[in-house]
Amino acid sequence: MSATVRHEEARERRGTWVEDQPDGQAVLCISGPAYVIHAAHDRLTAQARVVTRARRGSDDPAVAADERELGRLRADLALDLLLSGMPSGHPVEAHIAATIEVTIPVNTLAGLDDEAALLAGHGPIDADTARRLAAGAVGWERLFLHPDTGALLTVDHRTPTAAQRRYLLARDGTCRVPGCTTKAKNCDIDHTIPWSKDGPTSVENTAHLCEPHHMMKHHSPWGVTQVGRGILRYRSPAGYEYFDSPYRIEYAGGGAPPF
């Protein structure tokens, strides 16, 4: 196989990926043709030298930064270009417009302590960074977590989060009307107490219902309540009660679940 063919095959494998590092850091890797990567690195170096001279108030090309300072500036400039298109070498938090999920303890946000925040998909980040990101957020969303397990229980908006959907999918398995075998992944997530009537978006007020049974719940005299642990209690127009337990909960002896 010729060198040209090998180079073309290698070029087809170009891409980017992220490698998480300790202490709240990460590495963005870019794989591509060597001449392009080196050209980009050289341009970042040239821009870093310009920033260094500007900071020191000199136009003299002899004014140079040491390699460690150049490395930091190259990183800042590269992230500036990717996030804002404007290489400045300044902190980049103000340019972050994408949706980023950061879970910040209330005391950390208030500056009462420095407990680490959690960046979704990565892990802990330091308290100062979390506070800077929070200061630039257009809005905050409260998340209510289980005090022992840390599981996400309730959010402020109508749509369940991805974590809640995964939990409900695993818990329910199928449509939660007794006898219905429609798989949960093909069902709607219903608020047992409607959102329009102040029903919370919590795992204790949501369950999977197939579309026909979802319509039945809202447009028939049948009533449904949640009685804890994901157990649904249905009441017929004649006053009879029927219980449906979550897919993952089984009761020895059968019959109505113990409350």
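Just so it is clear, the model here is predicted, and its values are computed rather than measured. (Residues numbered from 1 in each chain as written. Predicted model: local features only at pLDDT ≥ 70, side-chain atom pairs only at ≥ 80, totals over all residues. Heavy atoms only, no water.)

Engineer: Any chance you could break down the sheet that holds strand β11 (residues 223-226) for me, citing the residues and the numbers?
Structural biologist: Taking strand neighbours across the sheet as the criterion, the three strands line up as β11-β12-β13 in an open arrangement whose pairing is antiparallel. Of all strands in the sheet, those bounded by a partner on one side alone are β11 and β13 (241-244). In this sheet, adjacent strand axes meet at a mean angle of 25 degrees when their direction is disregarded. The sheet contact formed by strand β12 (residues 232-235) and β13 spans four bridges and is antiparallel. (Pairing = 2+ DSSP bridges. Helix = DSSP H or I, 4+ residues; strand = E, 2+ residues; numbered from the N terminus. Axes fitted to C-alpha atoms, helices over the stretch in contact; angles between N-to-C directions.)

Engineer: Go over the side chain of Asp190 with me, naming the residues and quoting the values.
Structural biologist: Here Asp190 shows up in strand β8 (residues 188-191). Among residues more than four places away in sequence, those in contact with Asp190 are Asn205, Thr206, Ala207, Leu209, His214, Lys217 and His218. (Contact = heavy atoms within 4.5 Å.)

Engineer: Give a description of the pairing of strand β10 (residues 206-209) that names residues and reports values.
Structural biologist: With burial as the criterion, each face of β10 is covered, one bearing Thr206 and His208 and the other bearing Ala207 and Leu209. Where β8 meets β10, four bridges bridge the pair, whose relative direction is antiparallel. In the sheet register, Ile189 faces β10, and the bridge partner there is His208. (Buried < 20%, exposed > 50% of the residue type's maximum accessible area, 1.4 Å probe, protein only.)

Engineer: I'd love a proper account of the confidence of the model for the protein, names of residues and values included.
Structural biologist: On average, residues of the protein score 77 in pLDDT, and 70% of them are at 70 or above. Of all secondary-structure elements in the protein, the lowest mean pLDDT belongs to strand β6 (residues 143-145), at 59, while β10 reaches the highest, 93. Here residues 250-259 scores under 50 on pLDDT; set against residues more than four positions off or in separate chains, the count is 12 contacts. (pLDDT = per-residue confidence, 0-100.)

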